[in-house]
Structures are given as C-alpha cells and as structure tokens.
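Chain and residue survey
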Amino acid sequence: MKTASKIKEVVKKKVSKKISDKKINQLLTEKMARLQTMDVKKPSKAVLTQSKKVKAKQVKEEIEMGLDTMNIEKSMTDVIVRDFDNRDGNDSLLTIELNELFKNGDERKVTKVKKWVKTRLQTLIKNPSVQDRLLGEKVKEQQITVKKVTKPMVENAEGIYLDNFNESDLGQFKTIRISKVKEELTIAEELLKWMRSKKSEGLFTGDKTQVKDIDCYDLEAVIAIAESIKKNGL
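All figures in this text were calculated on a predicted structure; none of them were measured in a lab.

Attention now goes to the nonpolar core. If you look at the biggest cluster of nonpolar residues, it comprises 20 residues, and the most contacted ones within it are F84, L98, L121, I125, L134 and V146. Only α3 (56-85), α4 (93-104), α5 (107-126), α6 (128-135) and β1 (142-148) provide two or more residues apiece to this core. Element by element, the count of residues in this core is highest for α5, at six residues. When residues no more than four places from it in sequence are discounted, the contact partners of I125 are I80, F84, V130, Q131, L134, I144, T145 and V146. Grouped together as the second largest cluster of nonpolar side chains are eight residues, M195, L203, C216 and V222 included.

Here the distance between the centres and the angle between the planes together describe a pair of aromatic rings. Overall, the coordinates contain two aromatic pairs when judged by the stated rule. Here F102 and F173 contribute two aromatic rings whose centre-to-centre distance is 5.0 Å and whose plane-to-plane angle is 70°, an arrangement assigned as edge-to-face. Of this pair, F102 sits in helix α4 while F173 is found in strand β2 (residues 173-179), placing the two residues 71 residues apart along the sequence. With a centroid separation of 4.8 Å and an interplanar angle of 45°, the aromatic rings of F204 and Y217 are classed as tilted. Of this pair, F204 sits in the loop between α8 (187-197) and α9 (219-232) while Y217 is found in the loop between α8 and α9, placing the two residues 13 residues apart along the sequence. Judged on exposure class, the residue F204 and its partner Y217 are both buried.

Tracing the backbone through its elements, the reader meets D169 in the loop between α7 (151-155) and β2. Classification of D169 as buried rests on a relative accessible area of 12%. Apart from residues lying up to four places away in sequence, D169 is in contact with V149 and K174.

Attention now goes to the environment of Q172. Here Q172 shows up in the loop between α7 and β2. Here the side chain of Q172 touches N99 through a polar contact of 3.3 Å, side chain to side chain.

Attention shifts here to the pattern of salt bridges. Side-chain pairs of opposite charge can arise whenever the charged atoms involved come near each other. The tally for this structure, following the rule as stated, stands at six salt bridges. R120 is the salt-bridge partner of E73, the closest N and O atoms lying 2.4 Å from each other. Note that E73 is positioned in helix α3 and R120 in helix α5, a separation of 47 residues in sequence. Among the residues examined, E73 registers a relative accessible area of 21% and is labelled partly exposed. One salt-bridge network, held together by shared partners, links D78, R82 and R133.

Below, the discussion takes up unusual backbone geometry. In this structure, N156 is a non-glycine residue whose phi angle is positive, near 45°. Position of N156 relative to the elements: it lies in the loop between α7 and β2. Accessibility expressed as a relative area gives 19% for N156, which makes it buried.

The rules behind these values
Residues numbered from 1 in each chain as written. Predicted model: local features only at pLDDT ≥ 70, side-chain atom pairs only at ≥ 80, totals over all residues. Heavy atoms only, no water. Core = buried A, V, L, I, M, F, W, Y, C linked by side-chain atoms within 4.5 Å. Buried < 20%, exposed > 50% of the residue type's maximum accessible area, 1.4 Å probe, protein only. Helix = DSSP H or I, 4+ residues; strand = E, 2+ residues; numbered from the N terminus. Contact = heavy atoms within 4.5 Å. Phe/Tyr/Trp six-rings, centres within 6.5 Å; stacked < 30°, edge-to-face > 60°. Polar contact = N/O pair within 3.5 Å; in protein donor to acceptor, adjacent residues only side chain to side chain. Salt bridge = Lys/Arg side-chain N within 4 Å of Asp/Glu carboxyl O.

Now the structure itself:
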C-alpha cells in the first residue's frame, strides 16, 4: 500500500495549484479509504494438507519402541509396588529421591521430572491392577498415589485424606492414601454443605478450616427464606 505522503504528492500533481490544502486532505482521505477497502482480504479457510508419507521401516521402528516402552513400564511398575510395600510411613525411596531431585536438581531436569510424575508415574500408580496390588481388599475404600503435600491435605477439612500431615510436610512428595467412601450426610450437614456452596451470596463467611464453625453460617437468612416460602409460597 502507498504511504500517505506519497499519495499526497500524487494528489497534488493531479489537481490545480489553486485547490486548497483542505481539499487536498479531503481527496487524500478518500483515496486512502478506497485503498484500504481494496486491501481487505476475506479470512482464508483452513486448508487440509497432505502429510509426508512414512516409510515401512519407520512403522516397524515405532512398533519396536512401543514394545520396549511396555517392557520398561512393566519394570517400573514392579519397582514402584515393591518400593511402596517397604515404605516407612508416608516416605519411600521414590519419594525421598523425588524430593532430593526437586531440591538440588537443575531447572531443566526438574521440569522434565515434574512432567514425568504427572503424565507417567501417577498414571501407572492409578492403574487398577497396581491399586489392587498396593491396597488389597481396601481398594474399594481407598486409593493411593504419590503427590506433593498441599495445605488442604494438612487441614483435611473434609476428612478424605487417611494420613496425617503437618506444615513441615508442605511441598514434599509423600505416599498419600485417599478415602473413596462417601459418608451419608444428615439433613443438617447437607444444609450446611449447600450454604458453603453459596459463599458468594454471603450464606457462609468462613474458609475450609471453619466448616464446623456454626458462627460462619448465616442461618438467620435461611430461616427468613423458609418463613417467606411458608407465608407466600414460591
């Protein structure tokens, strides 16, 4: 596209010297508008491209790599299970090594290990056959994994974590057991749970550590709602 200064020079050559600068600016504006209209292109549609064909040799190599990976993961699973079986409380050789790597390893390696823990290690441990081997008959009630300890685990307000952690464990990898059993709540507990879900509307003003603190619940508001329904209907 021509620049404004060049267009202005062209316009000046084509018009009489008696034409005012105001008229020239007007002509310039009109010219620019026409050029901009001409330059507007419709969004191009996505075009499917044909990928480069692979060779039979490459396919065979991928299959072999897949078989090697399967054997490697089988060996990893065996080591993980035996390590878990011989853990000391919530610590195992695996968690100790992970904590050491995250503390003293270089940034690049830590990034890779973090991805491996999330995408491979935890996935292997989550496998039903591994859970069966680690938990036995308790597998219907519990699940086990390796994770960094977080504040909700320390507070354990909902009581779903079956191990006790404290502030010194924060950020450390530990073996963690989680309850899968959902306790049946009483009507009162269901009501309080609903009120917590309406925190943004002011029915609950506490945090996760105060779920049992009745002073954090606006019961008067709930009573007023119930009385209004009783008197006026919905």
